[in-house]
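Descriptive structure summary
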Amino acid sequence: MIFKKDRFDGRESLPVLGRIGWKPMPRAAFRAIATFALILLAGASSLHALDFTRLEDIPIQENGRKKPFLVFADETLLALSGKTSLKADAATLHSVEVITSLWLTPTGWEKHPLILVNNKELKNKIGLDAAPKYFSYDDLAANESLQKMLQEVAAARARNRKAKLNPLQKAASDVGMRLALFEGLVTGRIVTLLPTGAAAWSSLGADDPALLTLQKGLIRRDQAVFDAGLEALRQEQGKEDPHFQADPQKIAVETFYQRLHPFRWAWILYLAAGVCLLTMAGRLAWWGYRAAWMFVLGGFALQVLGFVCRVFVSGRAPVTNMYESIVWVAFGTILFALIFEAIHRCRYFLLGAIPVAIVSLILADTQPMILDRSIHPLVPVLADNFWLTTHVLTITLSYAAFALTLGVAHIALGKVIIGSKPSPALYNYLYRALQVGVLLLAIGIILGGVWANYSWGRFWDWDPKETWALIALLGYLVVLHGRIAGKWGGFGMAVGAVLAFQSVVMAWYGVNFVLGVGLHSYGFGSGGFPVALGFVLVELGFVALAVVRKRRKPALAAV
Amino acid sequence: MSVSQATIPRAKMIAERQKRSVAWRIIHLLGSLQLALILLATIAVACAMATFAESSFNTKVAQAYIYKAPWFFVWLGVLCVNLFAVTLTRWPWQKKHVGFVVTHYGIITLLLGAMVGLQFGFEGHVTLNKKNPPVRQVTANRSIIQVESPADGALYVMPFDASIARPTEKHPRILPVPGTSFRIIVDAFSDNLVKEQKLASSQTGGPGVHLRLKSERMNQRIDMPLAMNGKTPHEEDFFGLASIILQPSLPQAAQSAAASETQMVFARFAPVVQSESEISGIRVLLSEDGSQVTLSGPDSASVTYRRSEILKSPLTYGPAVVMVEDYWPDFEMREGRPSTKSQVPNNPAILVRIQMPGKTAKSKPRLTLAPDGAGITYQLERNGAVYASGHAKVGDKFSLGWADWEAEIAECLPQALVISTTKPGPPSEKGEQGIPGFRARLESPGNPPSEPSWVESGNISSLTNGQNTVRMGYGLELRSVPFLLRLLNFEVPRYEGTETPSNFIATVEFEDLKTGAKKVRTAKMNHPASFPGTFAANITGINYKFSQAEWNPRDLGETTLQVLYDPGWLLKWIGSLGICLGIAMMFYLKPKSQ
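Summarised in this report is the structure supplied together with it. Quick caveat: nothing in here was measured; it's all calculated off a predicted structure.

**Observations concerning the overall build of chain B**
Helix and strand counts for chain B come out as nine helices and 33 strands. Here the C-alpha atoms of chain B give a radius of gyration of 31 Å, more than 25% beyond the 25 Å that 2.2 N^0.38 yields for 594 residues. For chain B, the C-alpha atoms occupy an extent of roughly 105 × 65 × 55 Å along the three principal directions. The burial tally for chain B puts 42% of its 594 residues in the buried class. Taking the contacts inside chain B whose residues are at least 6 apart along the sequence as the reference set, 53% of them involve residues at least 24 apart.

In structure tokens:
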């Protein structure tokens, strides 16, 4: 029995896990709660008649922190349906509309297909249609084989809190959590809007005047009544001692951030920069380069703004999960490209960095189910700003530098493939970027060791995450030493930069999502494996093609 | 470092000396880039394989075959030689070599530090509870076998990790018992030993009941045989949440008994303390030969009695009443009951009961059973109040009112013993930890081999062969530290509105055994407590560090701290600094050459 750190992730006591053993609530029960919602929801699309903007920045406490209602709604709908808007009666409803309606006028929603079940095997096992992705609460709550699976999962968890679920059980448990979340919403239990003078906020009572007014406003689609309800709610919130209330500045900043989507605009601007660089050639090249600079700087500024908001809201460095680290690496890649470009003015750095940044940011923007973008409180083991900032920022910046080398190496190899000869200068740029990566990775690994030594005792324990970081470093060292030994030149270095980056992918993504063991368990997740594997295979194919082309034309590509 | 035009005379000199001297040739060979590339590549590949092995098997496999395998250490040794030799090949060093030398020596220093830490340091853990007296032993992360040699009575210890290369009947491990011609043969291993308890009819036993407990929701079934020893009740614990007792007759309802504590005190081992409420804090010591009993307490002076004079007679000690209920000169568990092997005080033990008036017993839910003709009568209590009672015959079932648990009377015997046998259970699920153990037998010349028996980790077992007995223990090594450790307080703050811990804060008191000086320190997440914790100790690593490792959500007065003693700490720091500075110098501080 050797006690390992990962038990300290503390996640076993998140309410989400506690809810798995839920019992389907008799439907009559929550109907009863909703009976005072006298009039049935006439039709979801007519919700559009109301303006919810003023609800969006009302603070709510959820998951260990206080956040704007907008964020709560986005996150909750994402958890329920896997997206932040919902199609109903040919209209698109935004998260705030859906969640507010679920909360205030739940009747009818239990028949609406909005709960995501995307695991085909699970659908097959519990006898659901394979085609649709969404099912209604009623369908799922009445499904006996699903209920049986959920009981099995609960029993397994009761026997062993850390029981590893098989993929099918995991999928069932996810659906179970969605059902519990739905119940929490329609009963209003999880809509904890009221400061109580203690750590935990509470939900509004069934006869709360603000709640009744909001309901009236929503049912009658009366903006004035609805706004009066919001005003009453704000006043009720304001009664409690300020110490227990949300920080209004943080709520304002987070609402701003949530509405703005800075990282989405950033990739759009980077895309514009890439288009300028590639299309404006010849006489326009000078203008294209200028325009690209402007667009990249704009995107970069938006990323800075996004990070400033996240850091202000969370109070920590923005690299605590996969989503944040991907966005951060895109940022770092652009940062290094801008620095090098300012020195060398050669286009290659921008050309290399832009695709990397765009791909990373699009992934982060479009895969919210795999890359969780919400701000969670940190597990205790990470809750140390100094070490978190120095170690994780250094490591991820090294990944960013390597991503830049990947981009530059692609340009060089691409040139070889199309039969032109990369200049020695290009290889020198590649070498410069490699240096930054190697230095930062070495420092990052060592800082990790020092952090581990300081806070847990041991410096190095062959934990998969640290081992793969070391493997990546060794890989890049092989690339550099081989060049010194004269085993290969610039071309070999470019090939090596692409190959060694695969070990970065492994250290960054693979350990958390493929191996799934070790102490860095707080970053574990699942999903995206085919994409990652596809990436690696495409890269290997690309390298192989370049090598073949180079062999055929040794005279041309020789450096 | 590539050779540029300006360094041709130097390159010539280096080439010349290789021609002249064999020593230089060897140095250049050892420091060659080819060797470096091979080393870097093989270490990287080996590590990659190890991580996959860890993912598909477990950490121990990866460590046994790669990370902690002898060949890997040899390889790292070769790496050090290569790193050192390559710096010599550049001799005499120039200004531009500073970064290069510092980096390479940094790696060597770091690896040296790691070796020092591995050789002279140790890692372990200790579980502290607010209610418990100070401890001075911690559990090291190393499993060992402990053997008591019959020749000199001394304890012998050897590292024994059977979970990797499992002993089998074909490949047994043979352990000679020091000082004797006996041998212990270990020929099977199990990760998950289970104790099977059975009720057996016996002339010497008291009434017995076999209770079968079932929960549909938990999908679990537990067999619980109970048998009284004469009129002595038999009490079993139910997951620490409730207790089940078989006694001659049902107790009066709502009886609030004074809290009592029992201590099984050994002359040579740590006592086993069981308490219904707070621990009394009274320490009972038994002399080596079992003749004297010493009582010491938190607020009373210690007193020593002759054991023979106080056996079975109550003593007042401070506010408590202490009674030595039983004595065994050569203690042994036989058929699940304490007994003595001989009248020679080889392993003296006493059973002490301490009554504490004024403190009432904490009331866990309790199921009391009493034999009643062909069946039993039962009574269920919570907080001293009876909420169910009745009569049950063999085959009857009744609900316990603890979640959905239900009890069934499987068997009733008028005279029975509970016989417990240890045997391998089904392989434990991935991620679950069973009790490991191995099968062993004792061989001595001139005797047929003894019956094999299963040795459970964390327990002491006796192997007997004819007249010869060898006592052995298996489990994680206990190490004494030069100070006493006591948990004063443990806090688990939570994130607002949730049960998610935001930190773990243990306040620990250290008492230096030499000087008696006491120091209070806190261990938080990311902020370990250290002892002695002085500046010099922190710098050199001659320091015991305690960091949070595990907590018990059911008992917030308990925490497990990881313990680390690492004299290689300073070397690791210096090495780390050297690597970082060296690389930076190599890349960015090159003197401008023409």
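That covers the picture; the talk isn't over yet.
**Looking at the nonpolar core**
Grouped together as the largest cluster of nonpolar side chains are 171 residues, with contacts concentrated most on A:Tyr270, A:Phe336, A:Leu350, A:Leu404, B:Leu485 and B:Phe546. Dropping the residues within four chain positions of it, A:Tyr270 is found in contact with A:Val296, A:Gly299, A:Phe300, A:Gln303, A:Ile334, A:Ile354, A:Ala357, A:Ile358 and A:Leu361. A:Ile99, A:Phe135, A:Leu168 and A:Leu181 belong to the second largest nonpolar core, which has 55 residues in total.

**Regarding the packing of helix H17 (residues 385–417) of chain A against helix H18 (residues 424–455) of chain A**
Residue and element names in this part refer to chain A. Running from N to C, H17 and H18 cross one another at 155 degrees; their axes reach a closest spacing of 8 Å. For the element pair H17 / H18, the angle class is roughly antiparallel. Relative to H18, H17 is oriented so that their crossing is left-handed. Partitioning the contact of H17 with H18 into residue classes produces 29 nonpolar, eight polar and one charged.

**What to know about the state of the cysteines**
Applying the stated rule across the entire model yields zero disulfides over all chains. Not engaged in a disulfide, the cysteine A:Cys276 finds its nearest cysteine sulfur in A:Cys346; these two sulfurs lie 18 Å apart. With relative accessibility at 10%, the residue A:Cys276 sits in the buried group. We note that B:Cys47 lacks a disulfide partner, and the nearest cysteine sulfur, in B:Cys80, lies 14 Å from it.

**Examining the sheet that holds strand S4 (residues 173–176) of chain B**
Residue and element names in this part refer to chain B. Overall, antiparallel pairing links the four strands, which are arranged S4-S5-S25-S26 in an open sheet. With one partner strand each, in any of the chains shown, S4 and strand S26 (453–456) form the two edges of the open sheet. With direction set aside, neighbouring strand axes in the sheet form an average angle of 35 degrees. With four bridges joining them, S4 and strand S5 (residues 183–190) adopt antiparallel strand pairing. The residue bridging Arg173 from the neighbouring strand is Val186, located in S5.

**Concerning the interface of chain B and chain A**
Between chain B and chain A, the contact holds 67 residues from the first and 67 residues from the second. For the pair chain B and chain A, the summed buried surface comes to about 6,100 Å²; carbon and sulfur atoms form 65% of the total. When residues of chain B are sorted by the area they lose upon contact with chain A, B:Glu496, B:Asn526 and B:Phe587 head the list and together hold 12% of the total. Counting across the chain B and chain A interface gives one salt bridge. With a shortest N-O distance of 3.0 Å, A:Lys66 and B:Glu496 are connected by a salt bridge. Along the contact surface separating chain B from chain A lie five residue pairs in polar contact (both at pLDDT 80 or more). Top contributing element to the side of chain B that touches chain A by residue count: helix H3 (residues 33–56) of chain B, with 13 residues. Along the lines of polarity and charge, the residues of the side of chain B that touches chain A split into 32 nonpolar, 25 polar and ten charged.

**Topic: the pattern of salt bridges**
Side-chain pairs of opposite charge can arise where the charged atoms are in close proximity. Residues and elements named next belong to chain B. Counted according to the given criterion, the structure contains 30 salt bridges over all chains. The closest approach of N and O atoms between Asp223 and Arg221, which form a salt bridge, is 3.1 Å. By relative accessible area, Asp223 is classed as partly exposed at 32%. A salt bridge links Arg353 to Glu325, with the nearest nitrogen and oxygen atoms 3.1 Å apart. Of this pair, Arg353 sits in strand S19 (residues 349–360) while Glu325 sits in strand S16 (residues 320–328), placing them 28 residues apart in sequence. Judged by relative accessible area, Arg353 falls into the partly exposed class, the value being 28%. The exposure class assigned to Glu325 is partly exposed, which follows from its relative accessible area of 22%. Connected via shared salt-bridge partners are Glu169, Arg183, Asp187, Arg439, Arg441 and Glu443.

**Here's the deal with the pairing of strand S13 (residues 292–296) of chain B**
Residue and element names in this part refer to chain B. Bridging between strand S12 (residues 283–286) and S13 involves four bridges; their strand directions are antiparallel. Within S13, the position partnered with Val284 by the bridge is Leu295. Counted along the chain from S12 to the antiparallel partner S13, the turn is five residues long, and its residue Gly290 has a positive phi close to 75 degrees. Examined bridge by bridge, S13 and strand S14 (residues 303–306) share four bridges and lie antiparallel to one another. Bridge pairing in S14 links Val293 to Tyr305.

**Thoughts on the side chain of A:Ser136**
All names here are of chain A. Along the chain, Ser136 falls in the loop between strand S6 (134–135) and helix H7 (137–141). Here Ser136 falls in the buried class, since its relative accessible area comes to 5%. Ignoring any residue separated from it by four or fewer positions in sequence, one finds Ser136 in contact with Glu110, Lys111, His112 and Pro113.

**What about unusual backbone geometry?**
Cis rather than trans, the peptide bond between B:Trp91 and B:Pro92 has omega equal to -10 degrees. Turning to its location among the elements, B:Pro92 is positioned in the loop between helix H5 (70–89) and helix H6 (98–120). Here B:Phe531 and B:Pro532 are connected by a cis peptide whose omega angle stands at 0 degrees. Of note, B:Pro532 is situated in the loop between strand S31 (529–531) and helix H8 (535–540). The phi dihedral of A:Arg347 falls on the positive side, at around 75 degrees, and the residue is not glycine. When you line up the elements, A:Arg347 lands in the loop between helix H15 (322–344) and helix H16 (348–366).

**A word on helix H10 (residues 209–220) of chain A**
Residue and element names in this part refer to chain A. The terminal C-alpha atoms of H10, which comprises twelve residues, lie 16 Å apart, in line with the 16 Å expected from a rise of 1.5 Å per residue. Of the residues making up H10, those classed as buried are Ala210, Leu211, Leu214, Gln215, Gly217, Leu218 and Ile219. Looking at the packing, one finds that the buried side of H10 touches helix H5 (95–104) and helix H11 (223–239). For H10, the capping residue at the N-terminal end is Asp208, with a side-chain oxygen 2.9 Å from the backbone nitrogen of Ala210. Where H10 ends, the next residue or the one after it, Arg221, has phi of about 55 degrees, a positive value.

**Thoughts on the sheet that holds strand S23 (residues 397–399) of chain B**
Residue and element names in this part refer to chain B. Here four strands make up an open sheet; going across it, the order is S7-S6-S24-S23 and the pairing antiparallel. With partners counted over all chains shown, the strands left at the sheet margins are strand S7 (220–227) and S23, one partner each. Across the sheet, the axes of successive neighbouring strands diverge by a mean angle of 60 degrees, strand direction being ignored. Bridge count between strand S6 (residues 193–215) and S7: eight bridges; the pairing is antiparallel. Residue Ser215 lies in a different strand from S7, and its bridge partner there is Gln220.

**Describing the pairing of strand S25 (residues 437–443) of chain B**
Residues and elements named next belong to chain B. Among the seven residues in S25, five count as buried, and that is most of the element. The sheet contact formed by S5 and S25 spans seven bridges and is antiparallel. Note that in S25 the partner of Ala188 across the bridge is Arg439. Pairing analysis gives four bridges linking S25 to S26, with the strands arranged antiparallel. Bridge assignment links Ala440 to a residue of S26, and that residue is Ser453.

**A word on the packing of aromatic side chains**
All names here are of chain B. Under the defined criterion, the tally for this structure stands at 42 aromatic pairs over all chains. An aromatic cluster of at least three residues, connected via ring pairs, comprises Phe122, Phe483, Phe510, Phe531, Tyr544, Phe546 and Tyr565. Against the face of Trp24 rests Arg17, its NZ or CZ located 3.6 Å from the ring centre. Lying over the aromatic face of Trp569, Lys545 brings its terminal NZ or CZ to 4.3 Å of the ring centre.

**What about the environment of A:Phe529?**
All names here are of chain A. The residue Phe529 is located in helix H21 (residues 529–552) in this model. Look at Phe529 and you get partly exposed, because its relative accessible area is 42%. Sequence separation of Phe529 and Val514 is 15 residues, and the distance between their C-alpha atoms is 7.4 Å. Once residues lying within four places of it in the same chain are set aside, the contact partners of Phe529 are Tyr509 and Val514.

**Here's the deal with the side chain of A:Gln147**
Along the chain, A:Gln147 falls in helix H8 (residues 144–159). At 3.2 Å, the side chain of A:Gln147 and the backbone oxygen of A:Ala141 are in polar contact.

About the thresholds
Residues numbered from 1 in each chain as written. Chains lettered and ligands numbered in written order. Predicted model: local features only at pLDDT ≥ 70, side-chain atom pairs only at ≥ 80, totals over all residues. Heavy atoms only, no water. Helix = DSSP H or I, 4+ residues; strand = E, 2+ residues; numbered from the N terminus. Rg over C-alpha atoms; globule rule 2.2 N^0.38 Å. Buried < 20%, exposed > 50% of the residue type's maximum accessible area, 1.4 Å probe, protein only. Contact = heavy atoms within 4.5 Å. Core = buried A, V, L, I, M, F, W, Y, C linked by side-chain atoms within 4.5 Å. Axes fitted to C-alpha atoms, helices over the stretch in contact; angles between N-to-C directions. Parallel < 35°, antiparallel > 145°, perpendicular 65-115°, else oblique. Left-handed = near helix turned anticlockwise from the far one by under 90°. Nonpolar A, V, L, I, M, F, W, Y, C, P; charged D, E, K, R; others polar. Disulfide = S-S within 2.5 Å. Pairing = 2+ DSSP bridges. Buried area = accessible area lost by both parts, 1.4 Å probe. Salt bridge = Lys/Arg side-chain N within 4 Å of Asp/Glu carboxyl O. Polar contact = N/O pair within 3.5 Å; in protein donor to acceptor, adjacent residues only side chain to side chain. Expected span 1.5 Å × (residues − 1). Phe/Tyr/Trp six-rings, centres within 6.5 Å; stacked < 30°, edge-to-face > 60°. Lys NZ or Arg CZ within 6 Å of the ring centre and 35° of its normal.

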